[in-house]
Amino acid sequence: MGGNVINNGSRLRQSRPKSVSIVVPCYDEKDGIPELIRRCQKSASDVAGDDHEIVLVDDGSADGTWQAISLEVERRRNIVGIRLSRNFGKEVALTAGLSAATGELVLVIDADLQDAPELLSPMVEVMKREGADVVYGQRRTRAGESWFKTKSANIFYLLLKHASSLSIPADSADFKLMTSRVVKLIAQMPERDRFIRGMVASVGFKQVAFLYDRDQRISGQTKYPVSKLIRLAIDAFLAFSPILLRLSPASAALLVVAIVAVSVYSLYCWLYLEVVPGWSSLMISFLVVSFLELASLSIISEYIGRIYFGTKNRPLFIVDEIKRSAEL
Ligand code: UDP
Ligand code: MG
């Protein structure tokens, strides 16, 4: 995870704590930066006055995004710019931003303004009313996104829901309002292949949906072509579901069924029909050897699964609140 910077959130989190932070990962978003900051700052001021910060993480852009951010840092108040050493991908950029954010409430938003910063105020209201720790945006509609992207996202969430023991909300975006305790937990999770939506769900506490309509990008192109979406989907499945590891045991189990069926069929042929000599023995030994291979693979995959989930170092449990009697 980029070494010290992520793990040493305290270095990033230097300024005096604010009541609201807005965290934005930016990758080649130069043209949108001024408008992005203007709208974020307006919205944050409506909620918290001057007591806010906008944290912009430049994820190794090559188009002058950093210059655009630097200009705004000089021109305006309450802006924090973080430049990563290269393109780490949105999930890591977001983590860097969360490590730096000091807000009691933290809003995460995309730089292309597909999620409106003006929703901060209604989201804060929902959070207060429901006593929630996370208010996550759930897309009612997605303007300007292809039929393929919308459909594949639906299928992805459906599969993930059945494959994972966590309830990762369908059609949720990274557009979220979180309390500082959730933000700190996410920033501290050391796993490398990050799927923030899943990680936020894994933290627990009260999480409520906030329905919204997703706008079109204000400028530039999507940074998520199909290949990157597939990568993200694989990360999500590997990190949150043991289903891929269970493929070898499942195929081994299927082979047992095949072995029994072929044996019964061979016996029947041997008794009642003419058969080519050697067919049954070849077939059965082939299936038995395949079974043995898959069975040993299954055992190895169980071990690897344990090691993999173990090395994530996710906390075993997270305490919501502790009460003590007065004399303690
Ligand atoms: N992004 C990033 N690093 C990347 C890719 C994307 O920081 O490697 C940012 C990007 O600038 C934007 C957000 O992640 O703020 C979402 O990306 P995009 O809008 O391209 O995704 P889409 O909305 O098309 O799924
Ligand atoms: Mg976008």
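Residues numbered from 1 in each chain as written. Chains lettered and ligands numbered in written order. Predicted model: local features only at pLDDT ≥ 70, side-chain atom pairs only at ≥ 80, totals over all residues.

**A short note on the overall build of the protein chain**
Logical step 1: A tally of helices and strands in the protein chain yields 12 helices and 7 strands.
Logical step 2: Within the protein chain, the fraction of its 328 residues that count as buried is 31%.
Logical step 3: In the protein chain, the proportion of contacts linking residues at least 24 apart, taken out of those at least 6 apart, comes to 83%. (Helix = DSSP H or I, 4+ residues; strand = E, 2+ residues; numbered from the N terminus. Buried ≥ 20, exposed ≤ 12 C-beta atoms within 10 Å, placed from the backbone. Contact = placed C-beta atoms within 7 Å.)

**Quick notes on the site of ligand 1**
Logical step 1: Around ligand 1 lies a shell of 16 residues, among which Pro-25, Tyr-27, Ala-111, Thr-222 and Lys-223 are the nearest.
Logical step 2: Mapped onto the shell around ligand 1, the elements with two or more residues apiece are β1 (20-26) and α5 (90-100).
Logical step 3: Looking at side-chain class alone, the shell around ligand 1 contains 6 nonpolar, 4 polar and 6 charged residues. (Near = placed C-beta within 6 Å. Nonpolar A, V, L, I, M, F, W, Y, C, P; charged D, E, K, R; others polar.)

**Considering the domain arrangement of the protein chain**
Frequently, the measure chosen for interface size is the accessible area that the parts lose on association.
Logical step 1: The assigned domain composition of the protein chain is domain 1 (4-241 + 316-324) and domain 2 (243-311).
Logical step 2: A C-alpha centroid distance of 46 Å is found between domain 1 and domain 2. (Domains from an automatic or database assignment.)

**What about the pairing of strand β4 (residues 105-108)?**
Logical step 1: Neither face of β4 is exposed, since Leu-105 and Leu-107 on one face and Val-106 and Val-108 on the opposite face are all buried.
Logical step 2: Pairing of β1 with β4, which is carried by 4 bridges, proceeds in the parallel orientation. Residue pairing in the sheet places Val-23 in a bridge with Val-108 of β4.
Logical step 3: As paired strands, β4 and strand β6 (residues 172-179) are joined by 4 bridges and run antiparallel to one another. Bridge assignment links Leu-105 to a residue of β6, and that residue is Thr-179. (Pairing = 2+ DSSP bridges.)

**Comments concerning the environment of His-162**
Logical step 1: Along the chain, His-162 turns up in helix α7 (residues 147-163).
Logical step 2: For His-162, a count of 9 C-beta atoms within 10 Å gives the class exposed.
Logical step 3: Placed 146 residues apart in sequence, His-162 and Arg-16 show a C-alpha to C-alpha distance of 43 Å.

**Thoughts on the packing of helix α3 (residues 33-48) against helix α6 (residues 120-130)**
Logical step 1: Axis separation between α3 and α6 bottoms out at 9 Å; the angle between their running directions is 40°. Between α3 and α6, the angle is such that the two are oblique. Taking contact as the criterion, the partners of Ser-43, Ala-44, Asp-46 and Val-47 in α3 are, on α6, Leu-120, Ser-121 and Val-124.
Logical step 2: Looking at the contact of α3 with α6 residue by residue, the class counts come to 4 nonpolar, 2 polar and 1 charged. (Axes fitted to C-alpha atoms, helices over the stretch in contact; angles between N-to-C directions. Parallel < 35°, antiparallel > 145°, perpendicular 65-115°, else oblique.)

**As for α3**
Logical step 1: Helix length check: α3, at 16 residues, gives a terminal C-alpha distance of 22 Å against a target of 22 Å (1.5 Å per residue), a fit within 8%.
Logical step 2: When we look at burial in α3, the residues that qualify are Ile-33, Leu-36, Ile-37, Cys-40, Gln-41, Ser-43, Ala-44 and Ala-48.
Logical step 3: Contacts made by the buried residues of α3 are with β1, β2 (52-58), α4 (65-75), β3 (79-83) and α6.
Logical step 4: The positive-phi residue at the C-terminal boundary of α3 is Gly-49, with phi of around 60°. (Expected span 1.5 Å × (residues − 1).)

**A look at the packing of α7 against helix α10 (residues 226-240)**
Logical step 1: In contact at an axis separation of 10 Å, α7 and α10 are set at 10° when each is read in the N-to-C sense. As far as their axial angle goes, α10 and α7 are roughly parallel. When α7 is examined against α10, the residues Ser-152, Phe-156, Leu-160 and Ala-163 are found in contact with a partner set consisting of Leu-229, Ala-233, Ala-236, Phe-237 and Phe-240.
Logical step 2: Looking at the contact of α7 with α10, its residues break down into 8 nonpolar, 1 polar and no charged.

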